[in-house]
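# Breakdown of the fold
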Amino acid sequence: MVKPNVKVICLNAKKIPLTLNKGFPTAAWFDLVSLDENKLEDESTIMRAVDKLHDIIDEEIASSKVSSTKIMLAGFSQGGALAMYSALTYHKRLAAVMVMSSWPVLRHTMLDAAINNTNTPMLQCHGTEDPVIFYKWGLLLSEVLKEMNPNKYEFKAYEGLMHAVNDQELEDVKNFINKIFP
C-alpha cells in the first residue's frame, strides 16, 4: 500500500544489446562486458544512464514541485548500482538511497565522483548466496559506503538468499521507507 502523499515511480530499463549476453537484447540500464570485478566497465554507457536518471529526477522536481529532499532512489541489481552512483553524483540533496543485490559501479572512481548525498540515509541489502551479483561484490560496495557514510549507512545480509528478495528483506525495505517517510 502506498502512503498518502507519496508517489512511486518505477522505471524499467529498455532492452539493449548486452555484451555479457553476446549482444542479445536484454533489459539493462548500461552495457556489461563481464561480471568479473577486475574487468573495465563501460563508463560511457554507465554515465549516459546516470545522466538520464538525473534528468528524470530534475523533470519530476520541475513538474511536481516536490523538493529533492523528498526523493528516494532505489533499485535492484543493475538498477541498484545505477541508483547509488546516481545519488552520489546528483547535484541536489536526496532523502535516501536503497539498493538490493547490487555492486559498486565504477568503484575505482566512486569516492572521487561523489559530490553529494554522502551523508544521506542508505540501506544496502544482499543475499549471501547470490549467483549473479556475488555477495563479495555486495561487500565491496559496503566497504565503500561505510567509509563514505559511517553514520547513516546500513547493510543487511540475508543468509541463503539468491538473486531475489525474501519476506525479511521486504520487511526491512518497508521499515527503511517508513523511517524516511513517516
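Attention here is on the structure that accompanies the text. From a predicted model like this one, the values you see are computed outputs, not experimental measurements. (Residues numbered from 1 in each chain as written. Predicted model: local features only at pLDDT ≥ 70, side-chain atom pairs only at ≥ 80, totals over all residues. Heavy atoms only, no water.)

On a plain count of helices and strands, the protein comes out with five helices and six strands. Taken over C-alpha atoms, the radius of gyration comes to 16 Å for the protein, in line with the 16 Å a tight globule of 182 residues would show. For the C-alpha atoms alone, the extent of the protein along its principal axes is close to 45 × 35 × 30 Å. The buried share among the 182 residues of the protein stands at 43%. In the protein, 68% of the contacts between residues at least 6 apart in sequence involve partners at least 24 apart. A total accessible area of about 10000 Å² is found for the protein, and carbon and sulfur atoms account for 56% of it. With 19 positive and 22 negative side-chain charges, the protein shows a separation of 6 Å between the mean positions of the two kinds. (Helix = DSSP H or I, 4+ residues; strand = E, 2+ residues; numbered from the N terminus. Rg over C-alpha atoms; globule rule 2.2 N^0.38 Å. Buried < 20%, exposed > 50% of the residue type's maximum accessible area, 1.4 Å probe, protein only. Contact = heavy atoms within 4.5 Å. Areas by Shrake-Rupley, 256 points an atom, 1.4 Å probe, with all protein chains shown as cover. Lys, Arg positive; Asp, Glu negative; His and termini not counted. Charge placed at Lys NZ, Arg CZ, Asp CG, Glu CD.)

One pass over the full model with this rule turns up three aromatic pairs. Between F134 and W137 the ring centres are 5.1 Å apart and the planes differ by 65°, which places this aromatic pair in the edge-to-face class. What makes W137 buried here is its relative accessible area of 5%. Here Y135 and F155 contribute two aromatic rings whose centre-to-centre distance is 6.2 Å and whose plane-to-plane angle is 45°, an arrangement assigned as tilted. Of this pair, Y135 sits in helix α4 (residues 135-148) while F155 sits in strand β6 (residues 153-158); the two residues are 20 residues apart in sequence, bridging distant segments of the chain. On the basis of relative accessibility, which here comes to 24%, the residue F155 falls in the partly exposed class. (Phe/Tyr/Trp six-rings, centres within 6.5 Å; stacked < 30°, edge-to-face > 60°.)

All right, on to the pairing of β6 then. Pairing analysis gives six bridges linking strand β5 (residues 122-127) to β6, with the strands arranged parallel. The partner of M122 across the bridge, within β6, is Y153. Regarding the hand of the β-α-β motif, the stretch spanning β5, α4 and β6 is right-handed. (Pairing = 2+ DSSP bridges. Right-handed = clockwise from strand over helix to strand, strands pointing away.)

Below, the discussion takes up helix α1 (residues 43-64). The terminal C-alpha atoms of α1 lie 31 Å apart, and with 22 residues this matches the ideal 32 Å at 1.5 Å per residue to within 8%. Among the residues of α1, T45, I46, A49, V50, L53, H54, I57, E60 and I61 are the ones counted as buried. Those residues of α1 that are buried are in contact with β3 (72-76) and α2 (78-89). Just beyond α1, the residue with positive phi is K65, at close to 65°. (Expected span 1.5 Å × (residues − 1).)

Interaxial distance between α1 and α2 falls to 9 Å at its minimum, and their mutual angle equals 65°. On the basis of the axis angle, α1 is roughly perpendicular to α2. Here α1 runs over α2; the crossing is right-handed. Residue-level inspection shows M47, A49, V50, L53 and H54 of α1 in contact with α2, the latter providing L82, A83, Y85, S86 and T89. Class assignment for the residues of the contact of α1 with α2 results in seven nonpolar, three polar and no charged. (Axes fitted to C-alpha atoms, helices over the stretch in contact; angles between N-to-C directions. Parallel < 35°, antiparallel > 145°, perpendicular 65-115°, else oblique. Left-handed = near helix turned anticlockwise from the far one by under 90°. Nonpolar A, V, L, I, M, F, W, Y, C, P; charged D, E, K, R; others polar.)

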